Amino acid sequence: MTVGMSDLFVKICGLRTARDVDVAVEAGADAVGFVFAASPRTVDAETARRLSGRVPDHVLTVGVFRGQSMEEVRRLTEESGIRAVQFHGDEGPAYYEALRAPGRTLIRATAAGELPVRCGELDEDLLLLDAPDPGSGTPWNWASPRFTAPEGRWLLAGGLHPDNVRQAVEATGAWGVDVSSGVESERGVKSEQLIRAFVAAARG
Ligand SMILES: O=C(O)c1ccccc1NCC(=O)[C@H](O)[C@H](O)COP(=O)(O)O
């Protein structure tokens, strides 16, 4: 898997316009996410393909799925040409086996809890620890002394924004971060200023 050119991997999720994509890339994001799950941020395969075409090779394009059939995930992935698949539902090992392909990155998102988790348990390349309601901007208690950082490559997500991301990275030792709501001026509408501020703050 080829990911990230910088020390901290930064993914900006829920992009819907060419301007969103251009700003995220210019700001130095390592990955950009397109939501195919039901959401105010949902894009179709054609839109994701068009937007992905603006993304340079060193930036990973990610499709976000939740509770969709294997056939739908496969179709949207192939039609859009995105390079990584992020599962947010209860997709089991069969999904990872079916979607594994050369050059494709598989990301498993899971709600952060008190039980230790490890990247690779379902053959994923990256683990994403998120709030129970993904994409809602709700934080979880990553500062809790009971939190154990996962083994392997993992992304921290859930309620991050420019003013808390650095503290979150320092507290958890996360390999990377993922944000959607915290770089929006209103739900589903990305802010250029907040995207730039987030990437800069994340890397300190
Ligand atoms: O964005 C959504 O609406 C969404 C819907 C269903 C599954 C996942 C979704 N988004 C995932 C993300 O944007 C991020 O991986 C992450 O949850 C960040 O969320 P936020 O707390 O809004 O920064």
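The structure we're discussing is the one just above.
From a predicted model like this one, the values you see are computed outputs, not experimental measurements.

Quick look at the site of the ligand now. In the vicinity of the ligand, 22 residues are found, and the nearest of them are Ser39, Arg41, Asp130, Asp178 and Ser181. Interatomic distance of 2.7 Å between a side-chain N/O atom of arginine 41 and an oxygen atom of the ligand. At 3.1 Å, a side-chain N or O of glutamine 86 approaches an oxygen atom of the ligand. Taken by itself the ligand offers 520 Å² of open surface, and the protein chains cover 99% of this. Judged by the proximity of its atoms to the pocket grid, the ligand belongs to the largest pocket. Among the elements of the structure, strand S6 (126-130) and strand S8 (176-179) are those that each provide at least two residues to the shell around the ligand.

Every buried residue of helix H3 (residues 70-80) is accounted for by Val73, Leu76, Thr77 and Ser80. End-on, the buried residues of H3 take up no more than an arc of 100°, which puts them together on one face. Residues of H3 that are exposed and point more than 90 degrees away from the buried face comprise Glu71 and Glu78. Contact partners of the buried residues in H3: helix H2 (45-52), strand S3 (60-65), strand S4 (84-87) and helix H4 (93-99). Looking one or two residues beyond H3, the residue adopting positive phi is glycine 81, at roughly 75°.

As a general feature of sheets, a regular strand has side chains that alternate between the two faces. Taken across its five residues, strand S2 (residues 31-35) has five buried, putting it largely inside the fold. Along S2, one buried face is formed by Ala31, Gly33 and Val35 and the opposite face, lined by Val32 and Phe34, is buried too. Bridge count for strand S1 (residues 9-12) against S2 is two bridges, and the pairing is parallel. If you follow isoleucine 12 over to S2, its bridge partner there is valine 32. In this view, the connection linking S1 to its parallel neighbour S2 by way of helix H1 (residues 18-27) has right-handed handedness. Between the parallel elements S2 and S3, the chain passes through H2 in a crossover that is right-handed.

Quick notes on the rules
- Residues numbered from 1 in each chain as written.
- Predicted model: local features only at pLDDT ≥ 70, side-chain atom pairs only at ≥ 80, totals over all residues.
- Heavy atoms only, no water.
- Near = heavy atom within 4 Å.
- Polar contact = N/O pair within 3.5 Å; in protein donor to acceptor, adjacent residues only side chain to side chain.
- Areas by Shrake-Rupley, 256 points an atom, 1.4 Å probe, with all protein chains shown as cover.
- 1 Å grid on protein atoms, 1.4 Å probe; cavity = no way out; pocket = protein on both sides within 12 Å on 5 of 7 lines; lining within 4 Å.
- Sits in = over half its atoms within 2 Å of the grid points.
- Helix = DSSP H or I, 4+ residues; strand = E, 2+ residues; numbered from the N terminus.
- Buried < 20%, exposed > 50% of the residue type's maximum accessible area, 1.4 Å probe, protein only.
- Arc of directions from axis to C-beta.
- Contact = heavy atoms within 4.5 Å.
- Pairing = 2+ DSSP bridges.
- Right-handed = clockwise from strand over helix to strand, strands pointing away.

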